[in-house]
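Fold and geometry: a report
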Amino acid sequence: MSKKIIGIDLGGTTIKFAILTEEGEIQTKWSEPTDITDEGQHIVPTIIASINEHLEKYSLKSEDFIGIGMGSPGTTDNIKGTVIGAYNLNWKTLQPVKKLIEDGTHIPFVIDNDANVAALGEQWLGAGNNEPDVVFVTLGTGVGGGIIADGRLLHGAGGAAGEIGHITVDPNGYECTCGKKGCLETVASATGVVRLARDMADEYAGDSNLKYSIDDGQLIDAKDVFDAAKNGDELALKVVDKVSFYLGLACGNIANILNPASIVLGGGVSQAGTFLLERVQEYFNSFSFPTIRATTTIRLAELGNDAGIIGASSLVRKFKPELSE
Ligand SMILES: [Zn+2]
């Protein structure tokens, strides 16, 4: 029997698990709720117990596995196997995750941040077509990203490579949680799209159902904005155009530096689909130089919720973890 891989996608509400083959085929998956009480100290014990319980259920032993890969929020150290500053898990202090999970399961463990891990998944078995140069941008509550260049996941000097959400797209723009102004995240995340819609509604004098909803005090989300635009609402179309401009600008500049085969857009906002993609592509064309335009394609993510667990198995294949002392 060929060896297997365990992939884990650790999130603020759910921990997703899968047992995969070396080819990234999901054989079984399950999930556990994330218990973030008591400074998140129950999270790692839950992961260990859940793995051991499922190995027993399927009559598998630790020797049957090449390793466990995990994507986690926060700042991860993929050499030491630690996480710090994962605020949605209540992990403020340094968490020695690799050591604890290896002690509890006797399976080698490797970790990276969740956006990097999703990037590996899409690059390998998703929209990235296993090309060696792929950039992934996730448009969710925030904006994250991961860069694979020449087949390697980039980490950078401080582990912050691929933080695409903090590319400056408007030097005089909104303040970002990172402390600077005009980051892509402030205008292209789900919350950013709504913020743009509210501010543009203030200044819009024409006829618009979206403006009416906002002025009426109704709660709107990014999907409402895209749905209104698809129905021809003029204000909503202006908002989507602005979001597409910012994304096209950021993607153009990413591509001018890295010339990836593809820039893959994932996350909730990307569910606006080709409607968004076509508009981003148009701005991308005007912000990238001819060779880039001819060789870099913008695509929509394909793996959905499985990007994290598939990427975690890719992490194991790439880094071939060993048990630490
Ligand atoms: Zn920022």
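Computed from a prediction, not measured in an experiment: that's the story for all the values here. Note on numbering: residues in each chain are counted from 1, in written sequence order. Given that the model is predicted, a residue must reach a pLDDT of at least 70 before its local features are reported, and side-chain atom pairs must reach 80 or more before they are shown or counted; all residues, however, enter totals for whole chains, interfaces and linings. No hydrogens and no water enter the side-chain calculation; it runs on all heavy atoms of the structure.

Turning our attention to the packing of helix H8 (residues 222–230) against helix H9 (residues 234–258). Closest axis-to-axis distance for the H8/H9 pair is 7 Å, and the angle between their directions is 115°. The handedness of the crossing between H8 and H9 comes out as left-handed. On the side of H8, the interface is formed by Val 225, Phe 226, Ala 228 and Ala 229, while H9 contributes Ala 236, Leu 237, Val 239 and Val 240. We call Asp, Glu, Lys and Arg charged. Ala, Val, Leu, Ile, Met, Phe, Trp, Tyr, Cys and Pro are nonpolar, and the rest, Gly among them, are polar. Of the residues in the contact of H8 with H9, the class split is eight nonpolar, no polar and no charged. Only the stretch in contact is used when fitting a helix axis, every axis being a line fitted to C-alpha atoms; angles between N-to-C directions are given from 0 to 180 degrees. The helix count covers DSSP runs of H or I at least four residues long, the strand count covers runs of E at least two residues long, and both are numbered beginning at the N terminus. The sense of a crossing depends on the near helix, which, turned anticlockwise from the far helix by less than a right angle, makes the crossing left-handed and, turned clockwise, makes it right-handed. A contact between two residues is defined here by any heavy atoms of the two lying within 4.5 Å.

Side chains carrying opposite charge are able to pair once their charged atoms draw close together. The term salt bridge refers to a side-chain nitrogen of Lys or Arg lying within 4 Å of a carboxyl oxygen of Asp or Glu. Applying the stated criterion across every chain yields a total of eight salt bridges. Here Lys 99 and Asp 103 are joined by a salt bridge, their closest N and O atoms 2.6 Å apart. Of this pair, Lys 99 and Asp 103 both sit in helix H3 (residues 97–105), separated by four residues, roughly a single helical turn. Overall, the relative accessible area of 41% leaves Lys 99 in the partly exposed class. Asp 103 gets classed as partly exposed once you look at its relative accessible area, which sits at 47%. Burial here depends on accessible area, computed with a 1.4 Å probe over protein chains only, as a share of the maximum for the residue type. Under 20% is buried, over 50% is exposed, and the range in between is partly exposed.

Where helix H4 (residues 114–125) meets helix H12 (residues 307–319), the closest approach of the two axes is 7 Å, and the angle between their N-to-C directions is 85°. In this view, H4 runs roughly perpendicular relative to H12, as classed from their interaxial angle. Residue-level contacts link Val 117, Ala 118, Leu 120, Gly 121, Glu 122, Gln 123, Trp 124 and Leu 125 of H4 to Ala 307, Gly 308, Ile 310, Gly 311, Ala 312, Ser 313, Ser 314, Leu 315, Arg 317 and Lys 318 of H12. Here the residues of the contact of H4 with H12 sort into nine nonpolar, six polar and three charged. Note on terminology: angles under 35 degrees are roughly parallel, angles over 145 are roughly antiparallel, angles of 65 to 115 are roughly perpendicular, and the others are oblique.

A few words on the coordination of the zinc ion. For the zinc ion, the full set of protein donor atoms is His 166 (ND1), Cys 176 (SG), Cys 178 (SG) and Cys 183 (SG), at a range of 2.0 to 2.3 Å. Keep in mind that water is not among the atoms, so a site may look incomplete; donors are the N, O and S atoms within 2.8 Å of the metal, or 3.2 Å for Na, K and Ca. Sequence spacing among the residues donating to the zinc ion works out to H-x9-C-x1-C-x4-C. In this pair, His 166 is assigned in the loop between strand E10 (152–153) and helix H5 (185–188) and Cys 178 in the loop between E10 and H5, connecting sequence segments 12 residues apart.

Moving on to the domain arrangement of the chain. For the chain, the domain assignment lists domain 1 (4–119 + 306–319) and domain 2 (130–302). A separation of 29 Å is found between the C-alpha centroids of domain 1 and domain 2. Tallying the contact residues gives eight residues for domain 1 and 11 residues for domain 2. Buried area is calculated as the accessible area (1.4 Å probe) missing from two parts once they are joined, with the contributions of both summed. The junction of domain 1 with domain 2 conceals about 790 Å² of combined surface from both sides, 59% of it contributed by carbon and sulfur atoms. Of all residues in domain 1, Ala 115, Asn 116 and Ala 119 bury the most surface against domain 2, accounting for 54% of the area lost on that side. The interface formed by domain 1 and domain 2 includes zero salt bridges. An automatic or database domain assignment is the source of the domain bounds shown.

Think of it this way: DSSP has to see at least two bridges between two strands before they count as a pair. Pairing in this open sheet of five strands is mixed, and the strands run E3-E2-E1-E4-E7 from one edge to the other. Bordering the open sheet on either side are strand E3 (26–33) and strand E7 (109–113), each of which pairs with just one other strand. When the angles between neighbouring strand axes are averaged without regard to direction, this sheet yields 15°. Against the sheet, helix H2 (residues 43–57) contacts strand E1 (4–10), strand E2 (14–20), E3 and strand E4 (65–72), and its axis sits at roughly 35° relative to E2.

Quick look at the packing of aromatic side chains now. Pairs were defined over the aromatic rings of Phe, Tyr and Trp, the Trp ring being its six-membered one, requiring ring centres within 6.5 Å. Orientation was assigned from the angle between planes: stacked under 30 degrees, edge-to-face over 60, tilted for the rest. A full pass over the atoms with the stated rule returns four aromatic pairs. Ring geometry for Phe 245 against Tyr 246: centres 5.4 Å apart, planes inclined by 65°, an arrangement best described as edge-to-face. Accessibility expressed as a relative area gives 7% for Tyr 246, which makes it buried. Among the residues examined, Phe 245 registers a relative accessible area of 28% and is labelled partly exposed. One aromatic cluster in this structure is built from Phe 245, Tyr 246, Tyr 283 and Phe 287. Between Arg 195 and the ring centre of Tyr 174, over which it is positioned, the NZ or CZ distance is 4.9 Å. Whether a charge sits over a ring depends on NZ of Lys or CZ of Arg being within 6 Å of the ring centre and within 35 degrees of the ring normal. Here Arg 279 stacks its cationic end above the ring of Phe 275, 3.9 Å away from the centre of that ring.

Moving on, we come to unusual backbone geometry. The phi dihedral of Asp 150 falls on the positive side, at around 50°, and the residue is not glycine. Considering the arrangement of structural elements, one finds Asp 150 in the loop between strand E9 (143–149) and E10. The class of Asp 150 is exposed, set by a relative accessible area of 68%. Here Lys 320, not a glycine, exhibits a phi torsion of approximately 35°, which is positive.

Glancing now at the side chain of Thr 186. Topologically, Thr 186 is positioned in helix H5. A distance of 2.7 Å separates the side chain of Thr 186 from the backbone oxygen of Cys 183, its partner in a polar contact. If we skip the residues at most four places from it in the chain, Thr 186 touches Tyr 174, Glu 175, Cys 176, Gly 192 and Arg 195. Pairs of N or O atoms are called polar contacts if they sit within 3.5 Å, as long as, within protein, a hydrogen donor faces a hydrogen acceptor (for residues adjacent in sequence, only side-chain-to-side-chain pairs).

Where E2 lies against E3, seven bridges are found, and the strand directions are antiparallel. Opposite Phe 17, over in E3, you have Trp 30 as the bridge partner. With antiparallel pairing between neighbouring strands as the criterion, E2 and E3 make up a hairpin whose turn holds five residues, including Gly 24 at a positive phi of roughly 85°.

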